[in-house]
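# Fold and contact review
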Amino acid sequence: MEYIKSKENKLYKTIKKLKTRKYREKEKLFIAEGHKFLDFEKIPWAVLLRDGDDRYIEKAQRFSCPKYILSEALFNELSSQENSQGVILVYPMCETSIEAIGDNIVVLDRIQDPGNLGTIIRVADAAGYKDIVLLKGSVDVYNEKTVRSSMGSLFNMNFIYMEEDEIIKFMSEKSYKSTVTALREDAISYTEMTPGPKNAIIFGNEGQGVSEKIIEASDSKVIIPIYGSAESLNVAVASGIVLYKFRELLI
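Report on the accompanying structure. (Residues numbered from 1 in each chain as written. Predicted model: local features only at pLDDT ≥ 70, side-chain atom pairs only at ≥ 80, totals over all residues. Heavy atoms only, no water.)

## Digging into a nonpolar patch on the surface
Here is the rule we go by: By definition, no residue in a patch forms a salt bridge, and every one has over 30% relative accessible area; like charges are joined within 9 Å, nonpolar side chains (Val, Leu, Ile, Met, Phe, Trp, Tyr) within 5 Å. Only the protein chains shown count as cover for residues, with accessible areas throughout obtained via the Shrake-Rupley method and a probe of 1.4 Å. Just to be clear on terms, a salt bridge is a Lys or Arg side-chain nitrogen sitting within 4 Å of an Asp or Glu carboxyl oxygen. Only runs of H or I of at least four residues qualify as helices and only runs of E of at least two qualify as strands under DSSP, and these elements are numbered from the N terminus. Note on exposure labels: buried denotes an accessible area under 20% of the residue type's maximum, exposed denotes more than 50%, and partly exposed covers the range between, all computed with a 1.4 Å probe on protein chains only.
Residues I226, L233 and V237 make up a contiguous nonpolar surface patch of roughly 230 Å² in combined accessible area. Counting through the fold element by element, L233 comes out in the loop between strand 12 (220-223) and helix 9 (235-250). Accessibility expressed as a relative area gives 40% for L233, which makes it partly exposed.

## Comments concerning the pattern of salt bridges
Tallied over the entire structure, the rule returns 17 salt bridges. The salt bridge involving E25 is made with R21; its shortest N-O contact spans 3.0 Å. One end of the pair is E25 and the other is R21, both in helix 2 (residues 21-27) and 4 residues apart, which spans about a single turn. Given the relative accessible area of 39%, E25 is considered partly exposed. Judged by relative accessible area, which is 33%, R21 ranks as partly exposed. Notably, a salt bridge pairs K169 with E173, separated by 4.0 Å at the nearest N-O pair.

## Observations concerning the sheet that holds strand 11 (residues 199-204)
This is how the line gets drawn: A pair of strands is labelled paired if DSSP reports no fewer than 2 bridges between them.
Pairing within the open sheet is parallel, and its 7 strands lie in the order 8-7-6-11-9-12-10. Of all strands in the sheet, those with a lone pairing partner are strand 8 (158-162) and strand 10 (188-189), marking the two edges. Bridge count between strand 10 and strand 12: 2 bridges; the pairing is parallel. When the bridges of strand 12 are listed, S189 appears paired with I223.

## Examining helix 7 (residues 164-173)
The criterion, for reference: This arc describes the spread of directions from the helix axis toward the C-beta atoms. Contact definition: two residues touch when any of their heavy atoms are within 4.5 Å.
Listed as buried for helix 7 are I167, I168, F170 and M171. In a view along the axis of helix 7, the buried residues occupy a sector of 165°, so they form one face of it. Exposed residues pointing more than 90 degrees away from the buried face of helix 7 are listed as K169, S172 and E173. Contacts made by the buried residues of helix 7 are with strand 6 (104-109), strand 7 (131-135), strand 8, strand 9 (177-181), strand 11 and helix 8 (212-217). Following helix 7 by one or two positions, S175 has its phi on the positive side, about 60°.

## What about the sheet that holds strand 5 (residues 87-92)?
Rules: Interaxial angles span 0 to 180 degrees and are taken between N-to-C directions of axes, which are lines fitted to C-alpha atoms, for helices over the stretch in contact.
Spatially, 1-4-3-5-2 is the arrangement adopted by the 5 strands of the open sheet, whose pairing is mixed. Each edge of the sheet is formed by a strand with only one pairing partner; in this case those strands are strand 1 (2-4) and strand 2 (29-33). When the angles between neighbouring strand axes are averaged without regard to direction, this sheet yields 25°. In this structure, strand 2 lies alongside strand 5, joined through 5 bridges in antiparallel fashion. Paired with L29 across the two strands is P92, which belongs to strand 5.

## Notes on the pairing of strand 5
Burial analysis of strand 5 places 5 of its 6 residues in the buried class, the great majority of the element. Relative to strand 5, strand 3 (residues 46-50) runs antiparallel, the two being bridged by 4 bridges. Note that in strand 5 the partner of L49 across the bridge is V87.

## Thoughts on the state of the cysteines
What counts here: In this description, a disulfide is simply a cysteine sulfur pair whose atoms lie within 2.5 Å.
The full count for this structure, using the stated rule, is 0 disulfides. This cysteine, C65, is not joined by any disulfide, and C94 carries the nearest cysteine sulfur, 16 Å off. Among the residues examined, C65 registers a relative accessible area of 7% and is labelled buried.

## Focus on the nonpolar core
The test is simple: Working definition of a nonpolar core: buried Ala, Val, Leu, Ile, Met, Phe, Trp, Tyr and Cys residues. They are joined through side-chain atoms within 4.5 Å.
Core analysis: the largest hydrophobic core is formed by 49 residues, its most contacted members being F30, V47, L108, I132, L154, F159 and L243. Mapped onto this core, the elements with two or more residues apiece are strand 2, strand 3, strand 5, strand 6, helix 5 (114-126), strand 7, strand 11 and helix 9. Examining the composition of this core, we find that 6 residues originate from one element, helix 9, more than from any other. Contacts of F30, omitting those with residues within four sequence positions, involve R24, L89, V90, Y91, P92, M93, Y142, V147, L154 and F155. Formed by 19 residues, the second largest nonpolar core is a distinct cluster that contains I160, Y176, A200 and I202.

## Side note on the environment of L18
Tracing the chain through its elements places L18 in the loop between helix 1 (10-17) and helix 2. Separated by 125 residues in sequence, L18 and N143 place their C-alpha atoms 9.5 Å apart.

Next comes the structure, spelled out in C-alpha cells:
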C-alpha cells in the first residue's frame, strides 16, 4: 500500500475535488465512506485507509484497485462523518441506460435533501424497482450523504436524468400510466391505486410537491390519509408507503 503524507499529492487533490458535484460529473467518480462499501462486488477505483487503523486492511486487499494509507489529518479532510470508520472508497459512477428502462419506474421531481434521496433509492431497491428518473433540480445521486443513506442500493439502480417536458413526453409515448402523489380534491387514497401494464410513480419536492405541469399530465393522483395531527409526511416515508403498496398490487 502506498502512503500519502502530503496534501499536495496529486491523487489526494483529485479525490478531494470529488466532494463537489461539478468535479464528480467531470471525472465520473464518487466517494463512498464506511466499511459497508468494502462488502460490494463492484470494484472501486481506489481505497483509502486511515493510518493506524488496521481493521479493514484484509478486506481492502481483495480489490485489484490501488490502495492508500493516509495520515489522520489528511483522512479527516476527506471524511464527511463525525465518527468515521476510517475507510473511504472511490467508485466509478454507475452505468445508466434509457434503453434498459423497465415497465415500472420511479420519478423524482426536484428532491432536495440528499438523505431523503438516499432513503428513497434504498426503499425503491428493497421494493423491487430498478429505474429511477431524476428531474432537473434534484440533488446529486452521488452526494456523499445520498450515497451513505442509500446503503449501497445505488449500485443496483438505473438512474436516468430528464427535464420536465422530457418525462411527460416519455411517459406518453411509451404508454406509462402515471401515478402522482398530490394533495388534490380529486386524489384517491393510495390503497385504491390501479396499476397499468407500464407504470410511473411520481414523488415531488419536499416543500412544493410535484410540479403543476406534471400533475396535470398525470393519469392518477393519490394521497396518503393522515389520521393524526401531523401536517404532512416526509417524502422518503411517503415513497415507502406508496411503492410497497404499488408492488403489492402488481403481484
